[in-house]
Amino acid sequence: MIIVEDLSYTYPGADAPTLAGLDFEVADGEILGFLGPSGAGKSTTQKLLIGLIEGYRGRAEVMGKEVRAWGPDYYEQVGVSFELPNHHQRLTARENLEHFGALYRGPICDPMEVLRWVDLDDDADKRVSDFSKGMKIRLNVARSLLHRPKMLFLDEPTSGLDPVNAKRIKSLVRRIRGEGTTVFVTTHNMAVADQLCDRVAFISGGKIAAIDAPAALKKRYGTRRVVVEYVPSGGGALAQAEFPLDALGDDREFAALLGSGQRLETLHTQETTLENVFIEVTGEALHA
């Protein structure tokens, strides 16, 4: 669905390029997370792919056609949910969806159905000016799905959401993907990317530092050790021991602990986080 090769872009008047030779692909039906701190180039990449930025160098192909070659029909097939709410404040949620839905030539979903997807159906006739930030973000997502796009771009889709609604949006994105939509997510929230994305791409300094499935990245850069918590035979506070995961069955100290009669409380492998992987790969903190 997306092919990017040697993609570069420099903002007018800037001394250095924001994007400096990106290479990546997004498969049909995939959820790709584009991760990095502010200023890394992730939002610029998304703006370029949705046609808001021109004058790039390299290849940026979406749905088989170079972005610069698409006309207005591009937006009949692409949905975009921006990080910041951008609605008509004096209109209700339903009126907003009806207004934006009228811009499409093709069929759209029933606005009430889409509002139910994001749990805003009870607020359909409330003015958006009275919405909280989280409600406006959910309305952003609803609007991006009105025309059932083939390609969906999401910018920080769970920003400002409580855990319940964040989970709802992630479930909705997975369902939409299951119905045939490809999803490109830009975020600095590693937990969201870990739970939602099939693959993640780390962008730092305008370049891709790593790209793979979250589990594969954590396995590659994680510590292969087992941590055991247990109650010492004499009582007292929990004690902890660590053992190499490789050849664990032949580890005499591990076997001795298991056979010592001391009560085991937990036993689990050490797994790094995506944020730790990002820091190791790029050498910079995620929230920098």
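That block above? That's the structure.
Report follows, based on the coordinates. Every value quoted in this text rests on a predicted model; they were computed, and no experiment measured them.

Parameters at a glance
- Residues numbered from 1 in each chain as written.
- Predicted model: local features only at pLDDT ≥ 70, side-chain atom pairs only at ≥ 80, totals over all residues.
- Heavy atoms only, no water.
- Pairing = 2+ DSSP bridges.
- Helix = DSSP H or I, 4+ residues; strand = E, 2+ residues; numbered from the N terminus.
- Axes fitted to C-alpha atoms, helices over the stretch in contact; angles between N-to-C directions.
- Phe/Tyr/Trp six-rings, centres within 6.5 Å; stacked < 30°, edge-to-face > 60°.
- Buried < 20%, exposed > 50% of the residue type's maximum accessible area, 1.4 Å probe, protein only.
- Lys NZ or Arg CZ within 6 Å of the ring centre and 35° of its normal.
- Salt bridge = Lys/Arg side-chain N within 4 Å of Asp/Glu carboxyl O.

1. Describing the sheet that holds strand S11 (residues 225–231)
Point 1. An order of S12-S11-S13 is seen for the three strands of this open sheet, with the pairing classed as antiparallel. Of all strands in the sheet, those bounded by a partner on one side alone are strand S12 (239–244) and strand S13 (263–269). Between one strand axis and the next, the sheet turns through 20° on average, direction left out of account.

2. Some thoughts on the packing of aromatic side chains
Point 1. The final tally for this structure, using the stated rule, is nine aromatic pairs.
Point 2. Here Phe 24 and Phe 184 contribute two aromatic rings whose centre-to-centre distance is 6.1 Å and whose plane-to-plane angle is 25°, an arrangement assigned as stacked. A residue pair is termed long-range when its members are at least 10 positions apart, and Phe 24 in strand S2 (residues 19–26) and Phe 184 in strand S8 (residues 182–187) qualify at 160 residues. Accessibility classification places Phe 24 together with Phe 184 in one group, the buried group.
Point 3. For the cation-ring pair, Lys 65 lies above Trp 70, with the distance from its terminal atom to the ring centre recorded as 4.3 Å.
Point 4. The side chain of Arg 175 reaches across the aromatic face of Trp 117, ending 4.9 Å from its centre.

3. Quick notes on the pattern of salt bridges
Point 1. Applying the stated rule across the entire model yields 15 salt bridges.
Point 2. Residues Lys 126 and Asp 123 are paired through a salt bridge, measuring 3.3 Å at the closest nitrogen-oxygen approach.
Point 3. Look at Lys 126 and you get partly exposed, because its relative accessible area is 32%.
Point 4. For Glu 179, the salt bridge goes to Arg 175, with nearest N and O atoms at 3.0 Å.
Point 5. Given a relative accessible area of 47%, Glu 179 falls into the partly exposed group.
Point 6. Looking at Arg 175, the relative accessible area reads 34%, which means it is partly exposed.
Point 7. Shared partners join several salt bridges into a network, and the residues in it are Glu 113, Arg 148, Arg 175 and Glu 179.

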